[in-house]
Amino acid sequence: MDLGLDGAKVVVTGASRGIGRAIAQTFAEEGADLAICARSPEPLRQAADELRGTGRTVLAEAVDVADPDALHRFVERAAVELAGIDVLVSNVSGGGSATEDQWERNFATDLMPFVRMTEIAEPYLSVSELGGSVVLISTTSALHTGAPSGPKAYGPIKAALNHYAASLARTLPQKGIRVNTVSPGPIEFEGGGWDRRRESDPEFYESIRARIPCGRLGRPEEVANAVAFLASPAASFITGTNVVVDGGFVDRI
């Protein structure tokens, strides 16, 4: 399928590794130009160099998305250097634990950057010739309470993000902007959390794998494919949906 993304101007946060890196790669291979950011400069530089190998324009900037001023400068710079924004992909997380400071960290790193980014990018998305699109990367942890380690900040904050994205999806289409969510289940990649867990706690890893009907953990590119489709003109009549990419992990109707 031709997704119609050739020449698209795409902003992706948290794009130096894992799911964010795969999302950026997929868009580049579809012919999109990119503005990417992450906190760590060196992995980001390496990712940008590899992405430029596709022949696309890639703006890369080390940004802590929890810093409102830095985030604002990055999105505005992206709009200037790419000559607009067609797609905004929010892929950030402050991690998860049960401590009080983790709630504050997730609020500052997960929730507020998405709120701010959509507001900053809205004027550019609304005049996109492709039709503006926002995709939030959430998690299946926002859809169930089955974490064996008990309540943490991660799932509830992501659930709040889902609610906010769904609300935007009711109002922004009047401005030509669609908003959708992609919720990955357990996704494994080299150096990622599930890769480390497989080594450090193989019993727990196997217990999770056994709960996935597809018989394995997911791959970042499988999430990226869903993101690219939802962001593209091929999904022009889809807004307010939450696409779960989990191999059947979450038992729900």
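In what follows, the structure referred to is the one given above.
The notes below deal with the structure included here. Computed from a predicted model, the values in this text were never measured in an experiment.

1. Some words on unusual backbone geometry
Part 1: For Ala-83, which is not glycine, the phi torsion reads 60 degrees and is therefore positive.
Part 2: Along the chain, Ala-83 turns up in the loop between helix H3 (68–81) and strand S4 (87–90).

2. As for the pairing of strand S5 (residues 132–137)
Part 1: For S5, the tally of buried residues reaches six of six residues, placing the bulk of the element in the interior.
Part 2: Neither face of S5 is open: one carries Gly-132, Val-134 and Leu-136, the other Ser-133, Val-135 and Ile-137, and all of them are buried.
Part 3: One ladder, built from six bridges, connects S5 with strand S6 (residues 177–184); its direction is parallel. Across the sheet, Val-135 pairs through a bridge with Asn-180, a residue of S6.

3. Describing the packing of aromatic side chains
Part 1: This structure, assessed with the given rule, holds two aromatic pairs.
Part 2: With a centroid separation of 6.1 Å and 90 degrees between ring planes, the pair formed by Phe-114 and Tyr-164 is classed as edge-to-face. With Phe-114 in helix H4 (residues 100–125) and Tyr-164 in helix H5 (residues 154–171), the pair connects residues that are 50 residues apart, well separated along the chain.
Part 3: For Phe-114, a relative accessible area of 0% puts it in the buried group.
Part 4: Measuring from centroid to centroid gives 5.9 Å for Trp-194 and Phe-204, while their planes differ by 10 degrees, and the two rings are stacked. Taken together, the residues span a long stretch of sequence, with Trp-194 in helix H6 (residues 193–200) and Phe-204 in helix H7 (residues 202–210) at a distance of ten residues.

4. Overview of helix H2 (residues 41–52)
Part 1: For H2, built from twelve residues, the straight-helix expectation of 16 Å at 1.5 Å per residue is met to within 8% by its first-to-last C-alpha distance of 16 Å.
Part 2: Taken together, the buried positions of H2 are Leu-44, Ala-47, Ala-48 and Leu-51. End-on view of H2: buried residues confined to an arc of 100 degrees, all on one side of the axis.
Part 3: In this structure, the buried side of H2 is in contact with helix H1 (18–29), strand S2 (33–38) and strand S3 (58–62).

5. Some remarks on the pattern of salt bridges
Part 1: Summed over the entire model, instances satisfying the criterion amount to 17 salt bridges.
Part 2: Measuring nitrogen to oxygen at the nearest pair gives 2.8 Å for the salt bridge that ties Glu-50 to Arg-21. Remark: Arg-21 occurs in helix H1 and Glu-50 occurs in helix H2; sequence separation between them is 29 residues.
Part 3: What makes Arg-21 buried here is its relative accessible area of 13%.
Part 4: With its nearest N and O atoms 3.1 Å apart, the salt bridge here joins Asp-110 to Lys-158. Of this pair, Asp-110 sits in helix H4 while Lys-158 sits in helix H5, and the two are 48 residues apart along the sequence.
Part 5: Judged by its relative accessible area of 2%, Lys-158 falls in the buried class.
Part 6: Taken together, the salt bridges that share partners define one network made up of Glu-42, Arg-45, Asp-49 and Arg-52.

6. Concerning the sheet that holds S4
Backbone hydrogen bonds are what pair the strands of a sheet, in a parallel or an antiparallel way.
Part 1: In space, the seven strands of this open sheet follow the order S3-S2-S1-S4-S5-S6-S7, with parallel pairing throughout. Of all strands in the sheet, those bounded by a partner on one side alone are S3 and strand S7 (242–245). With strand direction ignored, the average angle separating the axes of adjacent strands in the sheet is 15 degrees.
Part 2: Sheet contacts for H2: S2 and S3; angle to S3, the most-contacted strand, approximately 175 degrees.
Part 3: Strands S4, S5, S6 and S7 of the sheet are contacted by helix H8 (residues 220–231), whose axis makes an angle of about 165 degrees with S6.

7. Some remarks on the packing of H3 against H4
Part 1: Packing of H3 against H4 leaves a shortest axis separation of 10 Å and a crossing angle of 30 degrees. Judged on the interaxial angle alone, H4 and H3 are roughly parallel. The handedness of the crossing between H3 and H4 is right-handed. Counting all contacts with H3, which are made through Pro-68, Leu-71, His-72, Val-75, Glu-76 and Ala-79, the residues of H4 involved are Pro-113, Arg-116, Met-117, Ile-120, Ala-121 and Tyr-124.
Part 2: Counted by class, the contact of H3 with H4 contains nine nonpolar, one polar and two charged residues.

How each quantity is defined
Residues numbered from 1 in each chain as written. Predicted model: local features only at pLDDT ≥ 70, side-chain atom pairs only at ≥ 80, totals over all residues. Heavy atoms only, no water. Helix = DSSP H or I, 4+ residues; strand = E, 2+ residues; numbered from the N terminus. Buried < 20%, exposed > 50% of the residue type's maximum accessible area, 1.4 Å probe, protein only. Pairing = 2+ DSSP bridges. Phe/Tyr/Trp six-rings, centres within 6.5 Å; stacked < 30°, edge-to-face > 60°. Expected span 1.5 Å × (residues − 1). Arc of directions from axis to C-beta. Contact = heavy atoms within 4.5 Å. Salt bridge = Lys/Arg side-chain N within 4 Å of Asp/Glu carboxyl O. Axes fitted to C-alpha atoms, helices over the stretch in contact; angles between N-to-C directions. Parallel < 35°, antiparallel > 145°, perpendicular 65-115°, else oblique. Left-handed = near helix turned anticlockwise from the far one by under 90°. Nonpolar A, V, L, I, M, F, W, Y, C, P; charged D, E, K, R; others polar.

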